Amino acid sequence: MYEQHDVEALEKQFNAAMEEADTGSALDAVRRIYGEFDRQGEALSALLHPEFEARMETVFLDAKVYKGVRGFKKWRSDMEELFDEERFQPEGIRFASGDRWVVLGRLQIRVKQDGDELDVPLAHVFEQRDRKLARFTAYSDISAALESVGLH
């Protein structure tokens, strides 16, 4: 899934991006959003825009697109099929504009297929519309995530 040299390059990108990241109250708010994601309860519908879209630009589920609350739940199901354990830990946030931001974090996974445990940097780009989450894109490539919202 990940080669050692790929992980080293991603770690360098992650560390550089974290130098300008907010790790205070904005990050705490984002962590609460991830908590709602994990629960997948009624609050999820209140968080997601009716035209919500999740895109995967990752080494797993690459180029998959999920739409709406049902799509969000399908994405979570697809992740459960790949991984025995999977947890994203937000560590920093970078703001591109009032309605777009990048969450930098670590994805800790145990792969079902071979039992490998990995801890890799990952970036999530969020876009907001009408005070709701309209688009979520997961990136394995930290630089690509930052560039997608005009940050470098």
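The coordinates are above.
How each quantity is defined
All residue numbers refer to positions counted from 1 along the written sequence of the respective chain. Confidence filtering applies because this is a predicted model: local features only for residues at pLDDT of at least 70, side-chain atom pairs given and counted only at 80 or more, and all residues used for totals across whole chains, interfaces and linings. To get the side-chain values, take all heavy atoms of the structure and skip hydrogens and water. Take the buried Ala, Val, Leu, Ile, Met, Phe, Trp, Tyr and Cys residues and link them wherever side-chain atoms come within 4.5 Å; each set so joined is a nonpolar core. Each residue's exposure class comes from its accessible area (1.4 Å probe, protein chains only) as a fraction of the maximum for that residue type: buried when under 20%, exposed when over 50%, partly exposed otherwise. Helix and strand assignments follow DSSP, with helices taken as H or I runs no shorter than four residues and strands as E runs no shorter than two, numbered in order from the N terminus. In short, DSSP must find at least two bridges between two strands for them to pair. A cavity here means a set of 1 Å grid points, computed over protein atoms only, where a 1.4 Å probe fits but cannot escape. A pocket is an open set with protein on both sides within 12 Å along at least 5 of 7 lines, and lining residues have an atom within 4 Å of a point. Grid points are joined across faces, edges and corners, and a volume is the space filled by probe spheres set on the points. Note on residue categories: nonpolar means Ala, Val, Leu, Ile, Met, Phe, Trp, Tyr, Cys or Pro, charged means Asp, Glu, Lys or Arg, and polar means any other residue, Gly included.

Describing the nonpolar core
Residues Y34, M56, W75, V103, F126 and F136 are the most contacted members of the largest nonpolar core, which totals 30 residues. For this core, the elements supplying multiple residues, two or more each, are α2 (25-39), β1 (48-57), α4 (68-82), β3 (83-97), β4 (100-111), β5 (117-129) and β6 (132-139). Top element by residues in this core is β4. It accounts for five residues.

Digging into the pairing of β1
Pairing between β1 and β6: six bridges, direction parallel. Across the sheet, residue E53 finds its bridge partner in β6, namely R135. Pairing of β1 with strand β2 (residues 65-67) involves three bridges; the strand directions are antiparallel. Residue pairing for β2: R55 is matched across the bridge by V65.

A short note on the layout of surface pockets
Counted as a void, the largest pocket has a volume near 320 Å³. Surrounding the largest pocket, 21 residues form its lining, Y34, D38, E86, R87 and F88 being those nearest its centre. Elements represented by at least two residues in the lining of the largest pocket include exactly α2, α4, β3, β5 and β6. Split into classes, the residues belonging to the lining of the largest pocket amount to 13 nonpolar, three polar and five charged. Here the second largest pocket defines a volume of roughly 200 Å³. Looking at the second largest pocket, it is lined by 14 residues, and the ones nearest its centre are I33, L47, W101, Q128 and L133. By residue number, the principal contributor to the lining of the second largest pocket is α2, which donates four residues.

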